[in-house]
Amino acid sequence: FHKVGVVCLVKRLYGNPEECWERERNWEIAETYHQYNQVYLHGKDKVGIKGLAVCLTAITAAQGSTGRGKILTEMYVLTAVVLRMFSHHFPTFILRHLLGVAESLAAVHQVGPELKWILQPEGVSFILHSSISLKVDTDTVLCSTPPKLKPISVLINKFRTTNLKKALQIVLYPTPEKNLSDVPSILETVSKSNIRTGSLVSDRDDMVTDWWISLLKCTSYWNMNMMEEAAVLHPDIDNLPTLYQESEDPAYVSLLASHTTLRAVLGGDVEDAVSMCDATTEFFEDAVRFYLERSEKKDSTVQNILVLGLDWLFAARTALWQKYKPGLESGGRVDLQGFQRDLKSLRKLADLSPWLQDRLCLQEGVLRMVAGAAPGRTQQLLQYTGIRNASRNGLVCMGGKGEGGAYLGEWEHALALLLACQHLPQQLLASPGERKGMLTEAGRLLEKLGDRRRCEEVTNLLKLLSTANCNV
């Protein structure tokens, strides 16, 4: 066989058996170290020399092996992650090179949707510029718990949680720097990270994340006065995730009840709105009590959820009062007790977070107007609400800060101006010019904060005021 060249032909076609065995052995070594690396990274927020050595050993062994494209791609991504966790000052161009190699491999091999997304610009930016931690939060609030031994899944879960918290904060306390018009783009990036392909069950990876996207997107549509687009999302919002249905914390059910109540009022279906408000108030009393009785450290995200739900409940009660105010003045009745119970719940949360004092003053002013109390004190409460007195430090540390990093309360100030112009007696306002100036300031603030629906309301009031002045 040597004379006729059969042996040489076999070697050329199938390679040297010893070389093939060595390449296969190297791959087994690489895959073993890769699996060990995944286990080692579990729960870490910092990596030392040992973690770096494990990761680099896997990559080195894979160089002279029969590597599988999907796993090799994951190795390069994890190498960039480990280097980032080893030192935040590691040269970015090296990390970009590793991620570029992974992207090239993903382009010619079949990889899962998670690897595809992490190599997109949003995922790459998250790896390069965010504070990476692979600690798995078992008490997740805005997302489901990811698989513990899959670092890529944990990273994507961190990305979703971080951005959903950001969107929730903007909805709660918008500022000119981070206003309500930024919410749709944030939710779009989260939605892209939540796409699942090749599944017969769902096209979404995490149904809890998808529920929050629908809820916050609906809120964004409300702020943009796009009620028809918001109504399309109602069925998705009504489908509360099983995680929340089985949770002992009533905050999530309370939030859904508040959302349902407000959208009924905004949609004009107010026949059962009063009873819906009362039922939602009971939910929130239980939810706030449960939150305050927790022995462990209070979760600020859960508190933000409670504040958002109370905001919606106050908005529903205020809208009902404004709609039926003429009838109430002629002898009708209003649910003052419900207002007071909601205000009590908000006051309990404000004791923990000083930034809520502006919101508390705003709702106390509304309650006084509903009750027909002395307007002078009501005017003082509304004047106290907002940016001129927002020098209190709180939990809010984001754009629109005052001295000491306090939230300036532009949103509360704008609503206080709007309510004062709508409902305070004309005698308290020096002249129509003063009322116009207050409305103009409210409109300017609301436009900066991205609240188009209320901005349109201010515009309509200014038109009515101008018409009234012309008639005079």
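Keep in mind that what you see is a predicted model, and the values were worked out from it rather than measured.

Criteria and cut-off values
Residues numbered from 1 in each chain as written. Predicted model: local features only at pLDDT ≥ 70, side-chain atom pairs only at ≥ 80, totals over all residues. Heavy atoms only, no water. Phe/Tyr/Trp six-rings, centres within 6.5 Å; stacked < 30°, edge-to-face > 60°. Helix = DSSP H or I, 4+ residues; strand = E, 2+ residues; numbered from the N terminus. Buried < 20%, exposed > 50% of the residue type's maximum accessible area, 1.4 Å probe, protein only. Axes fitted to C-alpha atoms, helices over the stretch in contact; angles between N-to-C directions. Parallel < 35°, antiparallel > 145°, perpendicular 65-115°, else oblique. Left-handed = near helix turned anticlockwise from the far one by under 90°. Contact = heavy atoms within 4.5 Å. pLDDT = per-residue confidence, 0-100. Salt bridge = Lys/Arg side-chain N within 4 Å of Asp/Glu carboxyl O. Expected span 1.5 Å × (residues − 1). Arc of directions from axis to C-beta.

**Description of the packing of aromatic side chains**
When we look at a pair of aromatic rings, we describe it by the centre distance and by the angle of the planes.
Turning to step 1, where the next piece is worked out: Enumeration over the complete set of coordinates arrives at nine aromatic pairs.
Turning to step 2, where the next piece is worked out: Seen from their ring centres, Tyr173 and Trp355 are 4.7 Å apart, and the 75° between their planes marks the pair as edge-to-face. Residue Tyr173 is located in the loop between α8 (151-172) and α9 (183-192), and its partner Trp355 is located in the loop between α18 (336-350) and α19 (357-371); the two are separated by 182 residues in the primary sequence. Summarising the burial analysis for this pair, Tyr173 and Trp355 share the class buried.
Turning to step 3, where the next piece is worked out: Between the aromatic rings of Trp212 and Tyr244, the centroid separation amounts to 6.5 Å while the plane-to-plane angle is 85°, which identifies the pairing as edge-to-face. With Trp212 in helix α10 (residues 207-223) and Tyr244 in helix α13 (residues 242-245), this residue pair connects regions lying 32 residues apart in the sequence.

**A closer look at the packing of α9 against α10**
Turning to step 1, where the next piece is worked out: The contact between α9 and α10 brings their axes to 10 Å, and the two run at 165°. Considering the angle they form, α9 stands roughly antiparallel to α10. In terms of crossing hand, the pair formed by α9 and α10 is left-handed. On α10, the residues touching Val183, Pro184, Leu187, Val190 and Ser191 of α9 are Thr209, Ile213, Leu216, Lys217 and Ser220.

**Remarks on the confidence of the model for the protein**
Turning to step 1, where the next piece is worked out: Per-residue confidence for the protein gives a mean pLDDT of 83; residues scoring 70 or more make up 85%.
Turning to step 2, where the next piece is worked out: For the stretch residues 327-333, pLDDT sits under 50, and the model shows four contacts to residues farther than four places along the chain or on other chains.
Turning to step 3, where the next piece is worked out: pLDDT under 50 marks residues 388-405. Its contacts with residues more than four places away, or in other chains, come to 44 contacts.

**Notes on unusual backbone geometry**
With glycine set apart, most residues show a phi of negative sign, and most peptide bonds adopt trans.
Turning to step 1, where the next piece is worked out: The phi dihedral of Asn225 is positive, around 60°, even though this residue is not glycine.
Turning to step 2, where the next piece is worked out: One can find Asn225 in the loop between α10 and α11 (227-232).

**Considering the pattern of salt bridges**
Turning to step 1, where the next piece is worked out: All told, the structure shown has twelve salt bridges when counted by the stated rule.
Turning to step 2, where the next piece is worked out: The closest approach of N and O atoms between Arg317 and Asp278, which form a salt bridge, is 3.5 Å. Of the two residues, Arg317 is situated in helix α16 (residues 300-323) and Asp278 in helix α15 (residues 273-292); the sequence distance between them amounts to 39 residues.
Turning to step 3, where the next piece is worked out: With a closest N to O distance of 2.8 Å, Arg341 and Glu285 form a salt bridge. Note that Arg341 is positioned in helix α18 and Glu285 in helix α15, a separation of 56 residues in sequence.
Turning to step 4, where the next piece is worked out: Residue class for Glu285 comes out partly exposed when judged on its relative accessible area of 23%.
Turning to step 5, where the next piece is worked out: Overlapping salt bridges, with partners in common, bring together Asp278, Arg317 and Asp342 in one network.

**Side note on the packing of helix α4 (residues 69-86) against α8**
Each pair of packed helices can be summarised by the angle the axes make with each other and by the distance between the axes.
Turning to step 1, where the next piece is worked out: Look at α4 against α8: their axes get within 11 Å of each other, and the N-to-C directions meet at 55°. Of the possible angle classes, the one that applies to α4 and α8 is oblique. Considering only the axes of α4 and α8, their crossing is left-handed. On α8, the residues touching Glu74, Val77, Leu78 and Val81 of α4 are Pro151, Ile152 and Leu155.

**Some details on α18**
Turning to step 1, where the next piece is worked out: Across its 15 residues, α18 extends 21 Å between first and last C-alpha, which sits within 8% of the 21 Å expected from 1.5 Å per residue.
Turning to step 2, where the next piece is worked out: Of the residues making up α18, those classed as buried are Gly338, Phe339, Asp342, Leu343, Ser345, Leu346, Leu349 and Ala350. Considered in projection along α18, the buried side chains sweep an arc of 155° and stay on one side of the axis. Opposite the buried face of α18, at more than 90 degrees from it, the exposed residues are Gln337 and Lys344.
Turning to step 3, where the next piece is worked out: Buried-residue contacts for α18 involve α15, α16 and α19.

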